[in-house]
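Residues per chain, in single letters:
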Amino acid sequence: MTATISPPTADSLSTIPDQPPAPVGNPTVVGVPLFVVGSVALGLQQVGFVSAAAGGAPLAIILAATGLGTLLAAIWAMALGQSAVAGVFAIFAGFWLSYGLLLLGLDHNWFALAPADVTDTVELFLIAWLVIIVLLTVGTLRLPLAFTAVFVLIDLSLLATLLATVNASTGLAHLGGYLALAFAAVGAYLFVDACVQTTGGRALPLGRPVQH
C-alpha cells in the first residue's frame, strides 16, 4: 500500500493563518528630540547661561526627559529588532542618567567622598564616557555622515569638559558647552529628517558614510 500526497488546494491554503505583519516604527522620533533638549540644557549651563553655582540647573530635563526618553527609545528599538539604534540610545540613556546621578550624588554627598576627591571623581566619569563614545564613533562610521558628526562633536565636548576640569579652566568649560550646542543643532536636523520620513516625506540629505 502506498501513500499519495495530493497538492494543496485553494481551499486548504485558505485555512492557513496569515502571518502577522512585522512591527514598524521609528524610535528616533522619540529618542532624538529628547536627546536634543538635554543637550541644549547642558550646553546652556556650561556656557554660563546660569551661574557657576547652579550646576544642577539642567537636571530636571536631563533626568525626567532625556535620560528616560532615550531609554524608552532604546526599548522601542529593541522590540523592533533594530540592534544598532537600540545600542546607540541605550548608551546615551546610560550617559544622561549617570550624569544626573553624579551631580545629585555630589551635591548631596551620597558617595561620602572627601572634598579632595570630588574633582578626580568628575574626571573619572568624563574619561570613562569619553572612551565609550569614541568607540561608538568608530563603530558607527558606516552610518550617514550626520550621525558621525554628532558623535565626533560629543567626543570633542567631553574632551573639552575633561580638560576644563583638570585645568580648572572656565574657557574650556564654555568651549565644551558650545560644542554641546553644536551637536544639539545637528541632532535637531536629524529629528526633522525623522519627522519628515515618518509622515511620508522624502529623507533629508544626511551625507555619505565615512566608511562604506
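In the block above lies the structure referred to throughout.
Reference entry: report on the structure contained in this document.

Basis of the calculations
- Residues numbered from 1 in each chain as written.
- Predicted model: local features only at pLDDT ≥ 70, side-chain atom pairs only at ≥ 80, totals over all residues.
- Heavy atoms only, no water.
- Helix = DSSP H or I, 4+ residues; strand = E, 2+ residues; numbered from the N terminus.
- Contact = heavy atoms within 4.5 Å.
- Buried < 20%, exposed > 50% of the residue type's maximum accessible area, 1.4 Å probe, protein only.
- Expected span 1.5 Å × (residues − 1).

Quick word on the environment of phenylalanine 151
At step 1: Locating phenylalanine 151 in the fold gives a position in helix α6 (residues 145–167).
At step 2: Put simply, phenylalanine 151 and isoleucine 133 are 18 residues apart on the chain and 7.0 Å apart in space, counted from C-alpha to C-alpha.
At step 3: Leave out the neighbours within four places in its chain, and phenylalanine 151 touches Val88, Phe92, Ile133, Leu136, Thr137, Thr140 and Leu143.

Observations regarding the side chain of serine 39
At step 1: Note on placement: serine 39 falls in helix α2 (residues 28–46).
At step 2: Those residues within four positions of serine 39 in sequence are excluded, and the remaining contacts are Trp96, Ala180, Phe183 and Ala184.

Quick word on the environment of glycine 207
At step 1: Turning to its location among the elements, glycine 207 is positioned in the segment after α7 (170–198).
At step 2: Glycine 207 gets classed as partly exposed once you look at its relative accessible area, which sits at 41%.
At step 3: Spatially, the C-alpha atom of glycine 207 lies 6.2 Å from that of alanine 146, the residues being 61 residues apart in sequence.
At step 4: Apart from residues lying up to four places away in sequence, glycine 207 is in contact with Pro144 and Leu145.

Observations concerning α6
At step 1: Across its 23 residues, α6 extends 33 Å between first and last C-alpha, which sits within 8% of the 33 Å expected from 1.5 Å per residue.
At step 2: Just past α6, the residue alanine 168 takes up positive phi, approximately 50°.

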